[in-house]
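If you want the building blocks of each chain, they are given just below.
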Amino acid sequence: LDSSAPAAGDGSEQRPFTSLEQFRQLELAPGATLHFRAGQDHPDADAVFWGYGTDDAPIRVVPWGDGPEPTIGGAPLSERFARYAAQGWIVTAAG
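K.L.:
Quick question: what am I supposed to make of the packing of aromatic side chains here?
P.N.:
Pairs of aromatic rings are described using the distance from one ring centre to the other and the angle between the two planes. This structure, assessed with the given rule, holds ten aromatic pairs. Note on F81 and Y84: the rings are 6.1 Å apart at their centroids and 45 degrees apart in plane angle, and the pair reads as tilted. The class of F81 is buried, set by a relative accessible area of 1%. Where F81 meets W89, the ring centres are 5.8 Å apart and the plane angle is 15 degrees; that geometry is what we call stacked. Grouped by ring-pair contacts, the aromatic residues F17, F23, F36, F49, F81, Y84 and W89 constitute a single cluster. Across the ring face of F81, the terminal group of R80 is positioned such that the distance to the ring centre comes to 5.7 Å.

Cut-off values and rules
- Residues numbered from 1 in each chain as written.
- Predicted model: local features only at pLDDT ≥ 70, side-chain atom pairs only at ≥ 80, totals over all residues.
- Heavy atoms only, no water.
- Phe/Tyr/Trp six-rings, centres within 6.5 Å; stacked < 30°, edge-to-face > 60°.
- Buried < 20%, exposed > 50% of the residue type's maximum accessible area, 1.4 Å probe, protein only.
- Lys NZ or Arg CZ within 6 Å of the ring centre and 35° of its normal.

Limitation: the analysis is restricted to geometry and does not speak to function.
Take a look at the structure:
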């Protein structure tokens, strides 16, 4: 996710999503990784994320790029995605 990208993309590294709303239609597979651009406070949304990780293939939420830890609506990634921990999600801090 890169909230500063010039246009909404397909979720790839070259054409990232620009809002949480774009995740609404996705079902994330075990082993998926969600990248959030560092140095940005991404606008929050009521989007529900679908997907279950496993012990061998958790769904990961990670920052990417240079800059401070990304936030969503002012909250750290770990807070925004805490409710998904029981579904096999892991949030990794920058650094």
